[in-house]
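Descriptive structure summary
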Amino acid sequence: MTGRVIDDDLLGVAHRLKSIDDGYFVFLNYKTGKFEVHNRKDSMSLCLVLPYDRLDERAVRHVLYTRAERAREIVERMERENARLEAERRRAVLDKASANAELRMQNAG
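Quick summary incoming for the structure in this document. (Residues numbered from 1 in each chain as written. Predicted model: local features only at pLDDT ≥ 70, side-chain atom pairs only at ≥ 80, totals over all residues. Heavy atoms only, no water.)

1. What to know about the overall build of the protein chain
Counting its regular elements, the protein chain contains three helices and four strands. Mapped in sequence order, the helices and strands of the protein chain form the string β-α-β-β-β-α-α. Here the C-alpha atoms of the protein chain give a radius of gyration of 23 Å, more than 25% beyond the 13 Å that 2.2 N^0.38 yields for 109 residues. Its C-alpha atoms give the protein chain principal-axis dimensions of roughly 75 × 30 × 25 Å. A total of 109 residues make up the protein chain; the buried ones form 26% of that total. Long-range pairs, those at least 24 residues apart, make up 32% of the contacts in the protein chain with a sequence separation of at least 6. Here the protein chain displays about 8,100 Å² of accessible surface, and carbon together with sulfur accounts for 54% of that area. (Helix = DSSP H or I, 4+ residues; strand = E, 2+ residues; numbered from the N terminus. Rg over C-alpha atoms; globule rule 2.2 N^0.38 Å. Buried < 20%, exposed > 50% of the residue type's maximum accessible area, 1.4 Å probe, protein only. Contact = heavy atoms within 4.5 Å. Areas by Shrake-Rupley, 256 points an atom, 1.4 Å probe, with all protein chains shown as cover.)

2. Focus on the packing of helix α1 (residues 13–20) against helix α2 (residues 57–65)
Across the interface, α1 lies against α2 with an axial gap of 9 Å and an inter-helix angle of 20 degrees. Taken together, α1 and α2 sit at an angle that is classed as roughly parallel. As for the relative orientation of α1 and α2, their crossing is right-handed in sense. Touching Val13, Arg16, Leu17 and Ile20 of α1 are Glu57, Ala59, Val60, Val63 and Leu64, all from α2. (Axes fitted to C-alpha atoms, helices over the stretch in contact; angles between N-to-C directions. Parallel < 35°, antiparallel > 145°, perpendicular 65-115°, else oblique. Left-handed = near helix turned anticlockwise from the far one by under 90°.)

The structure is reproduced here in structure tokens:
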């Protein structure tokens, strides 16, 4: 992996992430240009890739939001959102089918 570990930054994000979990460290991946959060405790495993182009408060909030302790809550929220989207998609299909059927009836009559 080509990049560098960010031990210190202007806003103290790397330090604040260590206060969440002392195994966390930030890695700037030169190949992707993305900041990654790894954990030394898990054989340097990649925990997440930050969706931001710079280290700031959003990174800290994102790491806190995606912590394993919140996994159940996050999955439940995703399932609710997927169910809502599926219901919305079905309604749109039924509305379109109904409109098409009505149009055919008008043209037949």
